[in-house]
Amino acid sequence: MNAAGFPLLSLLTFLPLLGAGILLFVRGEEQAVAANARWTALWTSLITFGLSLILWFQFDKTTADFQFVERLDWMPEFGLGYHMGVDGISVLFVLLSTALTPLCILSSWEAIQSRVREYMIAFLVLETMMIGMFSSLDMVMFYIFFEGVLIPMFLIIGVWGGARRVYAAYKLFLYTLLGSLLMLLALLALWYAAGTTYIPALFELRIAPHVQVWLFLAFFASFAVKVPMWPVHTWLPDAHVEAPTAGSVILAGVLLKMGAYGFLRFSLPLLPQAVEWFAPLIFALSVIAVVYTSLVALAQEDMKKLIAYSSVAHMGIVTIGIFTMNHQGISGAIFQMLSHGVVSGALFLCVGVLYDRVHSREILRYGGVAKIMPVYAAVFMLFTMGSVALPGTAGFPGEFLVIVGAWHANPWVAFGAALGMILGAAYMLWLYRRVIFSRITRDDLRVLLDLSPREVVTFAPLIVLTLWMGLYPSSFFSFFEVSVAALVTRHEAAMALPRLAGM
Amino acid sequence: MFVGAVFLPLLGSIIAGLFGRLIGDRAAQWATVICMALAAFCGLSSFAQVAWGHAPATVEIVTWLDVGGLQFSWALRYDTLSVVMVGMVTLASTMIHLYSVGYMSHDATIPRFFSYLSLFTFMMLMLVTADNLVQLFFGWEGIGLASYLLIGYWYEKESANRAAMKAFIVNRVGDLFFMLGMALTFWTFGSVEFGTIFQGIEAAQQVTFAGYPVLEVIALLLFLGAMGKSAQIGLHTWLPDAMEGPTPVSALIHAATLVTAGVFLMARMSPVIEYAPNVLGFITVIGATTALFAASVGMVQNDIKRVIAYSTCSQLGYMFFAIGVGAYQAAVFHLFTHAFFKALLFLSAGSVIHAMSDEQDIRKMGGIWKKIPITYAMFWIGSLALAGVPYFAGYYSKDFVLEAAFAGHGWTAKYAFICGILAAFLTAFYSWRLIIMTFHGKPRADHHTMEHVHESPAVMLIPLFVLALGALFTGAYFAEDFVGHHWQAFWNGSIVNAPHNHIMHDAHEVPGWVPVAPTIVGVLGIALAYLCYMFVPSIPGKVAAAVPGLYRFLLNKWYFDELYDRIFVQPARRLAQVLWKTGDVKIIDGMPNGAARLTVQASGRMVRLQSGRVANYAFAMIIGLVLFVSIFLFGVGR
């Protein structure tokens, strides 16, 4: 039943929590506590990452079933239980979470100086919530983890954020909570209908089309905010701008993927007719997101805000891909989610590097950085190219497949998605030019130091991943190939049914 | 050998880029030059093996992507078409690397420059040896990136940054259509690999897309992509600005290789495009218009590199209308010869600029031909080839292109022929205007600059000699193979003419005056240039004064930049501001913020009710009681 021979997923999920628990008991001088907290958090997250590699090597890529399954009944009379497991769609997101967390902790090494212990606790709890969310197979657990993510994130932004941190934190919290309450209703309805909260059992459910519509809308309210889709995206730029660097990295890298993951886990398999029915709406909103937010990104004067808006545009590509309902589109969307996690996370780290030195995110504050920080400029260039989806970097395969898939659904949608290529190049190069190129005009910039060894270590895995995902994406696609095929087949079968009944 | 030709430049690029600071400038630059030279050796020997030995080959490296039937690999496809390009690119690039050793010797970041240059060459080779559209797109975007980096090489110059960005973004406009073209290709043929596509042509002829034959739509999308890279009218605006880069870059990227990628794409996709007659007509018109337009603008420019840049644009127009009339072989032939003489012209121009202490304005030159005689001679050879003077390389290719246009069918071919002849006249005129203004007459530079005028070092002159050999002999030597009677054996199926297309035959059967016409107008153009700029120098001023409108129209490049600025750039910026400040901040954020404010206000009012006075509470309770009792007694709402 379990390829690892021991409850791997539970271990992955709760190990960070254990680390956080240990941190609670650290006492002593403030400096010593801070140092202890940093090292404990780093080691905890590294061990978690190391363990999660078992998933990478032992995951069976030939089946669409859930693997590493753990099952404990809790309240069998209500169909509630503790179920963990991953399939091809979720396994890589678990890995993404475990890989990004140590990098985040590394990048906060010097940037965070106050309440270090609490900060690290928040991050470890966050990791627990993320891994738990991607590996739960029980609706109630899913909901708890899904919402639980908000708490550490709220604290990270609200306590360690910038000047308007409280406003941003509340905005994040209220926006996402509002949507989630509707999702809770939908989950309760599903539970009522199926008598169980075991997600794979729900797949057997046949839901009447008009009910599907309401369920879809309820899920949509929650997931659309999380993605975020236009027009409920405005919490994101504020949250990003105010969050500390590592918070932005996790926010862009993993949290934005939760909405899209929700679509894949619930909306697509459970509500096929509604998906078909709402696809044009999603396409419209996504194309607007791509064009609108790209244009808005063009006007930004704050580096983080610009990248935040670019995230919205990239997630627009993801939602297009998911709702094309064909193999290329969905695979492309999943890949785009992964690559965006790596690339935009890295871009936020890039901004963080400058912010740590100069304490400003204003674009016009910089200029000519290439002269004094050539290594940094090269790294930034690579991730810029990843963001504009240059072939050979991580951004390309996803975007390409989504456009191919979208063309099949509707060529105009493909055209809209492809417009992002031009606008994306425009805002990223405009950013790069103003920050990295041109002549140095401010004297305080002349003394900046190039990347420190710690920063190089932080960037190195992301650089490798960006190139690897671009040059040999097959090693990632092979994970979800079968799962996506099963998803598409199930959808097509479900769509064929009513037609057969009608005949 | 096949692999080496492509990957050696990458090796050089990595050595110089990553370890440049470790091993020092000289080691880094010579490492790239040596890698390039080895690549050129591999490239030329594969040319011999594949083109003359008739042994095409495909080297499969590894699967790139395999998703739901969409499968393609990293693979190197060596057929005649690609080895022609590989041979030309590696040779030209080696020469330009060598030249750069001299030209960039005073630069501060030499390894960076050579790393970019080698990276560019690698990407170009990936493009021409691709065996599927996506790998071609990889090279396509890769050369875009490299050219962006090279144009913006001097990143402290604002104009260079602007030009680099413009080049990348304008190219992306074309890339959008390329991307869509790939998507449609996949859904039509079930593959993006050339082999599968070419086999599926037969079946695809019956397929329609939105009421149009699908092959027409694919051809149109790919051509729109090619227009961006190859700077055809409408998407040409980036090319002249790209002259901000160092001159060797202009020679390599904006003359010999990058800009010809679009022509190559069309030739590569010839089996598809052959069955898209309407798009072929469109290509002809665009190509012909570009040829004439760019030549007319080239006439009045004053920057030595910009004149040559417009001439490149114009020559690309020739290649495109050759494709439009179905003579792909002629287009590739012109591409091939053009690479040599245009690179020669650019490098000679670089030599002039080097000699004139970085002056590029030809109004500030003159009277230097005796001081730099070798450069002067090289410039002549390049210009003679460009103008199509008999027995130079350009003569064979350009003549054949024009003959093909004459032999082509329909009004578009006639239009192309007329534009081509007119452009040939203008080409000769502006080439000699350039020569005379640059080298002859009284020196117009200050004497300080004039004292420093010197011939370039040997490391810069040797590449010039090699390219000059190309400009002199490639035409005569290869004409028979490329477009002559052996073309079928030579191309060996790598370029396909449909059974209904007899252009390669018809072009040899044109009336006797047609082959002579380009030569005659060329000589007339040269004569006119001598008249205007050497013997009676007052004429140009008078002409410009007589038709000031036309002069300004040409000087401002037909106002394309201004037009685009008005209709695309400015509105986009304004729209961006509006969407942000109004759309996001006021409307979308206004709602939650407004709701929050409402809540605060409402709770503020509610707070006032809870005053803590028992009398008030009692009063409220009595009112409530009265209300309930009256409802109960009098049955309101019953």
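Given the structure is predicted, the values throughout are model-derived calculations rather than measurements.

Undergrad: Describe the UniProt feature "domain: NADH:quinone oxidoreductase/Mrp antiporter transmembrane" (unreviewed entry) in chain A, listing the residues and the values that go with them.
TA: Mapped onto this numbering, the UniProt entry annotates "domain: NADH:quinone oxidoreductase/Mrp antiporter transmembrane" (unreviewed entry) at residues 136-417 of chain A. In the segment residues 136-417 of chain A, helix accounts for 81% and strand for 0%; the C-alpha atoms at its two ends are 32 Å apart.

Undergrad: Tell me about the packing of helix α1 (residues 2-23) of chain B against helix α4 (residues 110-129) of chain B, and name the residues and values.
TA: All names here are of chain B. The interhelical angle for the contact between α1 and α4, taken along N-to-C directions, is 155°, at an axis separation of 8 Å. In terms of their interaxial angle, α1 and α4 are classed as roughly antiparallel. The element α1 and its partner α4 pack so that their crossing is left-handed. Mapping the contact onto sequence places Ala5, Val6, Phe7, Pro9, Leu10, Gly12, Ser13, Ala16, Gly17 and Gly20 in α1 and Pro111, Ser115, Ser118, Leu119, Thr121, Phe122, Leu125, Met126 and Thr129 in α4.

Undergrad: Account for the packing of aromatic side chains, with residues named and values stated.
TA: One pass over the full model with this rule turns up 82 aromatic pairs over all chains. Ring plane angle 85° and centroid distance 5.7 Å describe the contact between Phe113 of chain B and Phe114 of chain B, whose orientation is recorded as edge-to-face. Residue Phe113 of chain B is classed as buried on the basis of its relative accessible area, which comes to 0%. Ring centres of Trp369 of chain B and Tyr376 of chain B lie 5.3 Å apart, and the angle between their planes is 40°; this geometry places the pair in the tilted category. Of the residues examined, Trp369 of chain B reaches a relative accessible area of 34% and is grouped as partly exposed. According to the relative accessible area criterion, Tyr376 of chain B is buried, its value standing at 12%. Aromatic rings pair up to connect Phe142, Phe146, Phe216, Phe219, Phe220, Phe223, Phe263, Phe266, Phe278 and Phe323 of chain A into one cluster. Lying across the ring of Phe203 of chain A, Arg490 of chain A places its NZ or CZ 4.7 Å from the centre. The lysine or arginine in question, Lys398 of chain B, covers the ring of Tyr318 of chain B, its NZ or CZ lying 5.2 Å from the ring centre.

Undergrad: I'd like a rundown of the environment of Leu177 of chain A, residues and numbers included.
TA: Residues and elements named next belong to chain A. You can see Leu177 is positioned in helix α7 (residues 165-194). For Leu177, a relative accessible area of 28% corresponds to the partly exposed category. Spatially, the C-alpha atoms of Leu177 and His240 are 18 Å apart, while their sequence positions differ by 63 residues. In contact with Leu177, other than residues within four places in its own chain, are Glu147 and Leu150.

Undergrad: Describe the layout of surface pockets, with residues and values.
TA: Gaps between atoms show up when a probe of the same size as a water molecule is rolled over them. Of the volumes computed, that of the second largest pocket is approximately 1400 Å³. Together, 39 residues line the second largest pocket, and Ile169, Tyr564, Asp565, Phe568 and Val569 of chain B are the ones closest to its centre. Secondary structure elements with two or more residues in the lining of the second largest pocket: α12 (272-298) and α18 (411-435) of chain A together with α6 (158-189) and α27 (560-588) of chain B. Ranked by the residues each element gives to the lining of the second largest pocket, the list is headed by α27 of chain B, at 13 residues.

Undergrad: Before we move on, could you go through the UniProt feature "domain: NADH:quinone oxidoreductase/Mrp antiporter transmembrane" (unreviewed entry) in chain B and cite the residues and values that matter?
TA: With numbering aligned to this structure, UniProt lists the feature "domain: NADH:quinone oxidoreductase/Mrp antiporter transmembrane" (unreviewed entry) at residues 130-420 of chain B. Span residues 130-420 of chain B is 74% helix and 1% strand, its end C-alpha atoms 32 Å apart.

Undergrad: An account of a nonpolar patch on the surface is requested, with residue identities and associated values reported.
TA: Judged by side-chain polarity, Val464, Leu467, Trp468, Leu471 and Tyr472 of chain A together with Ile61 and Val62 of chain B come together as a nonpolar surface patch covering roughly 550 Å² of accessible area. Listing elements by their share of the nonpolar patch, those giving two or more residues are α19 (453-471) of chain A together with β1 (57-67) of chain B. At four residues, α19 of chain A tops the list of elements feeding residues into the nonpolar patch. Within the fold, Ile61 of chain B resides in strand β1.

Undergrad: Would you mind going over the packing of helix α15 (residues 304-324) of chain B against helix α19 (residues 410-439) of chain B in detail, with residue names and values included?
TA: How two helices sit against one another is set out by the angle between their axes and by the gap between those axes. Residues and elements named next belong to chain B. Look at α15 against α19: their axes get within 11 Å of each other, and the N-to-C directions meet at 160°. By the criterion of interaxial angle, the relationship of α15 to α19 is roughly antiparallel. The handedness of the crossing between α15 and α19 comes out as left-handed. Between α15 and α19, the residues in contact are Ile304, Val307, Ile308, Ser311, Ser314, Gln315, Tyr318 and Phe321 and Ala416, Gly420, Ala423, Ala424, Thr427, Tyr430, Arg433, Leu434 and Thr438, respectively.

Undergrad: Mind laying out the interface of chain A and chain B, listing which residues take part and the relevant values?
TA: At the junction of the two partners, chain A supplies 65 residues and chain B supplies 53 residues. Around 5300 Å² of area is buried between chain A and chain B when both sides are counted, 71% of it from carbon and sulfur atoms. Broken down residue by residue, the surface that chain A buries against chain B is led by Phe400, Trp407 and Arg433 of chain A, which jointly contribute 13%. For the pair chain A and chain B, the interface holds three salt bridges.

Undergrad: Account for the pairing of strand β1 (residues 67-75) of chain A, with residues named and values stated.
TA: Residues and elements named next belong to chain A. In the sheet, β1 pairs with strand β2 (residues 80-86) via six bridges, with the strands oriented antiparallel. In the sheet register, Met75 faces β2, and the bridge partner there is Leu80. If you look at the hairpin formed by β1 and β2, you'll find four residues sitting between the two strands, and Gly79 has a positive phi there, around 75°.

Reading guide: rules and limits
Residues numbered from 1 in each chain as written. Chains lettered and ligands numbered in written order. Predicted model: local features only at pLDDT ≥ 70, side-chain atom pairs only at ≥ 80, totals over all residues. Heavy atoms only, no water. UniProt positions renumbered as here; feature names shortened; annotations may be inferred. Helix = DSSP H or I, 4+ residues; strand = E, 2+ residues; numbered from the N terminus. Axes fitted to C-alpha atoms, helices over the stretch in contact; angles between N-to-C directions. Parallel < 35°, antiparallel > 145°, perpendicular 65-115°, else oblique. Left-handed = near helix turned anticlockwise from the far one by under 90°. Contact = heavy atoms within 4.5 Å. Phe/Tyr/Trp six-rings, centres within 6.5 Å; stacked < 30°, edge-to-face > 60°. Buried < 20%, exposed > 50% of the residue type's maximum accessible area, 1.4 Å probe, protein only. Lys NZ or Arg CZ within 6 Å of the ring centre and 35° of its normal. 1 Å grid on protein atoms, 1.4 Å probe; cavity = no way out; pocket = protein on both sides within 12 Å on 5 of 7 lines; lining within 4 Å. Points joined across faces, edges and corners; volume = space filled by probe spheres on them. Patch = residues over 30% accessible without salt bridge, like charges linked within 9 Å, V, L, I, M, F, W, Y side chains within 5 Å. Areas by Shrake-Rupley, 256 points an atom, 1.4 Å probe, with all protein chains shown as cover. Salt bridge = Lys/Arg side-chain N within 4 Å of Asp/Glu carboxyl O. Buried area = accessible area lost by both parts, 1.4 Å probe. Pairing = 2+ DSSP bridges.

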